[in-house]
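The residues making up each chain are set out below.
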Amino acid sequence: MLTLVRVVVMVAMLGIVPLGLGLVGGRGVEALRRVWFGPALVAAAAQWLPRGVPTAVLAVPYLALTGALAGVAAVRAWTYLADRWAARGAGTAHRRWVVEVAVWTALATPVIGALALVAERAGVRLFGFRLSILALTVAHFHVAGFAAALVAGLVARATAAGALGTTAALCVPGGTLLVLLGFFVGDEVELAGAVVLTAGMWAAGWLTWRDVRPQSPDRVTRGLLAVSSVVLAATMVLALSWALGEATGLPHPSITWMAATHGVTNALGFALCAVLAWRRLGARPL
């Protein structure tokens, strides 16, 4: 299982996140993207070394990098909210805030995965979690945290934040937050998070298939969007079944099975295909 998780994390750190950051834009994001590869490569390589403090130290620059990215998210959120407050009553009703919530989530979540990586590499059971759970957390907050929120924001903007677009852009961040809270509160909250997250990802997948894919200019881009949409429809069923089983004791897939199916397929089939497709579409930065 850990080998599969490490592969997923490498793909996310070295491919999905830097490609996705190019879809966000902004001076702060671009500055971090230019220096991303070095710390990310070292941290990804540290996964394959024996656990210990020296190995954990190798991942610290990546933790600092993702912390800076979360700082960019905070500044962006503060600036946006301050501008909206200044423009109150000016008749500027729009749905941009829906997209912004998704972008803030995408930029803020990798630091959670990076913190889990440093702790797992040090052999420290952060907040009492098993090391295997910390390893899964690294993958989860790079794929379900960063990539899913980013794609939900892109889809919401492309569809003018209609009802389903709003569902995607709000349910993905909300579900991700509930899943994180469920780690500390209990399996029932984690199940609620899985339900909300699944609703958002299914909405994003359906809109991608119905609205975005047909307007794509070439066969390769349409194929990438089709794969990412179909993968979401299937793999989120696995996520629901696992969360339901954990909360109720019903039979459900093992962690190893989830890593091999839900984890790998979501990273490669959904996240990587989606960000590649949106880059090919030439989407203007969020």
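Above this text you will find the structure in question.
Residues numbered from 1 in each chain as written. Predicted model: local features only at pLDDT ≥ 70, side-chain atom pairs only at ≥ 80, totals over all residues. Heavy atoms only, no water.

**Here we look at the pattern of salt bridges**
Oppositely charged side chains can pair when the atoms bearing their charge come close. Per the stated rule, a full pass over the model turns up seven salt bridges. Of the charged contacts, one joins Arg 96 and Glu 100 as a salt bridge, the two residues approaching to 2.8 Å between their closest N and O atoms. Taken as a pair, Arg 96 and Glu 100 lie in helix H5 (residues 96-108) at a separation of four residues, close to a single helical turn. A relative accessible area of 25% places Arg 96 in the partly exposed class. When its relative accessible area of 4% is taken as the criterion, Glu 100 is described as buried. Two residues, Glu 120 and Arg 121, come together in a salt bridge whose shortest N-O distance is 2.9 Å. Comparing Glu 120 with Arg 121, the two get one shared label, buried. (Salt bridge = Lys/Arg side-chain N within 4 Å of Asp/Glu carboxyl O. Helix = DSSP H or I, 4+ residues; strand = E, 2+ residues; numbered from the N terminus. Buried < 20%, exposed > 50% of the residue type's maximum accessible area, 1.4 Å probe, protein only.)

**Thoughts on the nonpolar core**
In this structure, Leu 150, Phe 270 and Trp 278 are the most contacted members of the largest nonpolar core, which totals 78 residues. Not counting chain neighbours up to four residues away, the residues in contact with Leu 150 comprise Gly 20, Leu 23, Val 24, Ala 106, Val 275 and Leu 286. (Core = buried A, V, L, I, M, F, W, Y, C linked by side-chain atoms within 4.5 Å. Contact = heavy atoms within 4.5 Å.)

**Observations regarding helix H10 (residues 219-248)**
Under the 1.5 Å per step criterion, the end-to-end length of H10 is 44 Å for 30 residues, consistent within 8% with the ideal 44 Å. Of all the bends in H10, the greatest, near 25°, is centred on Leu 232. For H10, the N-terminal capping position is held by Asp 218, with its side-chain oxygen 3.1 Å away from the main-chain nitrogen of Val 220. Immediately downstream of H10, the backbone of Gly 249 shows phi near 85°, a positive value. (Expected span 1.5 Å × (residues − 1). Bend = angle between axes of the 7 residues up to and from the residue. Polar contact = N/O pair within 3.5 Å; in protein donor to acceptor, adjacent residues only side chain to side chain.)

**What to know about the packing of aromatic side chains**
One pass over the full model with this rule turns up five aromatic pairs. Here the aromatic rings of Phe 129 and Phe 183 are separated by 6.0 Å at their centres, their planes lie at 70°, and the arrangement is edge-to-face. Here Phe 183 lies in helix H8 (residues 163-185) and Phe 129 lies in the loop between helix H6 (110-122) and helix H7 (131-158), a separation of 54 residues in the sequence. Its relative accessible area of 18% is what places Phe 129 among the buried residues. Looking at Phe 183, the relative accessible area reads 22%, which means it is partly exposed. Judged by centre distance (5.5 Å) and plane angle (70°), the rings of Phe 129 and Phe 184 are edge-to-face. Taken as a pair, Phe 129 in the loop between H6 and H7 and Phe 184 in helix H8 lie far apart in primary sequence, 55 residues in all. Positioned above the aromatic ring of Trp 48, the side-chain terminus of Arg 6 is 5.7 Å from the ring centre. Above the ring of Trp 209, the side-chain terminus of Arg 213 is found at 4.0 Å from the ring centroid. (Phe/Tyr/Trp six-rings, centres within 6.5 Å; stacked < 30°, edge-to-face > 60°. Lys NZ or Arg CZ within 6 Å of the ring centre and 35° of its normal.)

**Examining the packing of helix H1 (residues 2-21) against H7**
Contact geometry of H1 with H7 gives a least axis separation of 9 Å together with a crossing angle of 30°. In terms of orientation, H1 and H7 fall into the roughly parallel class. Crossing angle aside, the handedness with which H1 passes H7 is left-handed. Here Leu 2, Val 5, Val 8, Val 9, Ala 12, Met 13, Ile 16, Val 17, Gly 20 and Leu 21 of H1 come into contact with H7, specifically with Ala 135, Leu 136, Val 138, Ala 139, His 142, Val 143, Phe 146, Ala 147 and Leu 150. A breakdown of the residues in the contact of H1 with H7 according to their chemical character gives 17 nonpolar, two polar and no charged. (Axes fitted to C-alpha atoms, helices over the stretch in contact; angles between N-to-C directions. Parallel < 35°, antiparallel > 145°, perpendicular 65-115°, else oblique. Left-handed = near helix turned anticlockwise from the far one by under 90°. Nonpolar A, V, L, I, M, F, W, Y, C, P; charged D, E, K, R; others polar.)

**Notes on empty space enclosed by the protein**
For the structure on display, the rule yields two cavities of 30 Å³ or more. Reported here for the largest cavity is a volume of approximately 60 Å³. As for the largest cavity, its lining consists of Leu 2, Val 5, Arg 6, Val 9, Gln 47, Leu 117, Glu 120, Ala 135 and Val 138. The set of elements that each furnish at least two residues to the lining of the largest cavity consists of H1, H6 and H7. Among the elements that take part in the lining of the largest cavity, H1 stands out by supplying four residues, more than any other. Across the lining of the largest cavity, the residue classes break down as six nonpolar, one polar and two charged. (1 Å grid on protein atoms, 1.4 Å probe; cavity = no way out; pocket = protein on both sides within 12 Å on 5 of 7 lines; lining within 4 Å. Points joined across faces, edges and corners; volume = space filled by probe spheres on them.)

**Structural notes on the layout of surface pockets**
Its volume calculated, the largest pocket comes out at about 820 Å³. Forming the boundary of the largest pocket are 32 residues, of which Leu 136, His 140, Phe 183, Glu 190 and Trp 242 lie nearest the centre. With seven residues, H7 is the single largest residue contributor to the lining of the largest pocket. The space that makes up the second largest pocket amounts to roughly 150 Å³. Lining the second largest pocket are Ile 112, Leu 115, Ala 116, Leu 126, Phe 127, Phe 129, Ile 133, Leu 134, Thr 137, Leu 180, Phe 183 and Phe 184. Looking at the lining of the second largest pocket, the elements with two or more residues in it are H6, H7 and H8. Across the lining of the second largest pocket, the residue classes break down as eleven nonpolar, one polar and no charged.

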